[in-house]
Amino acid sequence: HKQVQSRIEEANLHIEEEKNRLAALMAELAQSVLVCNREGRILLYNARAAQLLEGAEADADATPVGLGRSIFGLLDKSQIVHALEKIGRRLEQQGVHPAAHFVTARGDQLLRAQMAPVLDRGGAVGGFVLMLEDITRSIETDSRRNFLLQQLTEGTRASLANSRAAAETVQQYPDMDAERRQRFTDVIRDEAEQLSARLDATLGHDDQALGTQWPLEDMLATDLVYALQRNFESGLG
C-alpha cells in the first residue's frame, strides 16, 4: 500500500509539472517557444521554434531541434546560464518577477529570448521556458535609422554654422551697405531652405526606420560587433 501511494504521489507531481509546462507553452503559441528541464534538455517545442532555429542554423553541422536534445547546441550556453542565474537571484527576492531577457546570435540571425522559470513543488527551478523572436530586420532598420540621423546631424550642423556666422556678421556691422547686407541675408535664407529640404528628405526617406526603437536586452559583445560588422559591410554603417 505504501509503495502504491508513493507511486501515485510521484505521478501526480509529474502531471503537475507537465501541466505547468503545457500552460506556459499554450500561452505563447504566437511566438517560438521551447520548454527545457534544468539540464537544458528540450522537453517541448512548437512548430514556430523549429522553423526559426532550423532557418538560423550556423552551418551544416549545427544541432537540429529535437526532443531530448540540448538547448546548448542551439543557443549560446553562457547566456542561458547567466539568465538562469539572474532568475535564481530574483526568486530569492520577494515581489520580483523571475524572468530574464537576452539577445543572441545564431548563424546570420539575431534572436531575442525571453526566459521564464518552471518551478517544481518546492519552489525551485525545475526547468525553463524560452520564447524566441527574430529581430534581425529590426536591427538592420535601426542601423538605417542611425545612418539617416547621422547624415541629418552633419548637414544640419553645417547649415546652422553658416547661418549663425552670417547673422553675427550682420549684427556686428550694423552700418554695412545695403548690397552687402542683402548678401548675408541671402545666405541665411538659402541655408534655412537647404536645412528644411534636408529635413523633409530625411523624414520621407524611411519612416519605419526613423520610428523603430533599439531593443534594450542583454547580449554578448561579440554578437554586437558581428551585427555592426555586417551593417558596415552592407554599406549601412
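Refer to the structure printed above.
What comes next concerns the included structure. The structure presented is a predicted model; accordingly, all values stated were derived computationally and were not measured.

1. A short note on the pairing of strand S1 (residues 32-37)
Alright, step 1. The buried fraction of S1 amounts to six of the six residues, a majority that puts the element mostly inside the structure.
Alright, step 2. Alternating residues of S1 divide into Ser 32, Leu 34 and Cys 36 and Val 33, Val 35 and Asn 37, and every residue in both groups is buried.
Alright, step 3. Inspection of the sheet shows S1 paired to strand S5 (residues 125-134) by six bridges, in the antiparallel sense. In the strand pairing of S5, Cys 36 is matched with Phe 128.
Alright, step 4. Sheet topology note: the S1/strand S2 (residues 42-45) ladder contains three bridges and is antiparallel. Each residue of the ladder has a partner; that of Cys 36, found in S2, is Ile 42.
Alright, step 5. Counting the residues in the hairpin turn of S1 and S2 gives four residues, including Gly 40, whose phi is positive at 90°.

2. Things to note about the side chain of Glu 191
Alright, step 1. Structurally, Glu 191 can be placed in helix H5 (residues 178-205).
Alright, step 2. If sequence neighbours within four positions are ignored, Glu 191 has contacts with Ser 159, Asn 162 and Ser 163.

3. Regarding the nonpolar core
Alright, step 1. The biggest cluster of nonpolar side chains holds 21 residues, and the ones touching the most others in it are Leu 34, Leu 53, Ile 71, Leu 75, Met 115 and Leu 130.
Alright, step 2. With near-sequence residues (within four places) excluded, Leu 53 lies in contact with Leu 34, Val 65, Leu 74, Leu 75, Arg 106, Leu 111 and Leu 132.
Alright, step 3. Val 35, Val 118, Val 129 and Met 131 belong to the second largest nonpolar core, which has five residues in total.

4. Description of the pairing of strand S4 (residues 109-119)
Alright, step 1. Pairing of strand S3 (residues 100-106) with S4 involves seven bridges; the strand directions are antiparallel. Within S4, the residue paired with Val 103 across the bridge is Arg 112.
Alright, step 2. Hairpin connection between S3 and S4: a loop of two residues separates the two successive antiparallel strands, and Gly 107 in this loop has a positive phi of roughly 65°.
Alright, step 3. Both S4 and S5 contribute to a ladder of nine bridges, which runs antiparallel. Residue Leu 111 lies in a different strand from S5, and its bridge partner there is Asp 134.
Alright, step 4. Where S4 folds back onto S5 in an antiparallel hairpin, the turn is made up of five residues, including Gly 123, whose phi is positive at roughly 85°.

Definitions and cut-offs
Residues numbered from 1 in each chain as written. Predicted model: local features only at pLDDT ≥ 70, side-chain atom pairs only at ≥ 80, totals over all residues. Heavy atoms only, no water. Buried < 20%, exposed > 50% of the residue type's maximum accessible area, 1.4 Å probe, protein only. Helix = DSSP H or I, 4+ residues; strand = E, 2+ residues; numbered from the N terminus. Pairing = 2+ DSSP bridges. Contact = heavy atoms within 4.5 Å. Core = buried A, V, L, I, M, F, W, Y, C linked by side-chain atoms within 4.5 Å.

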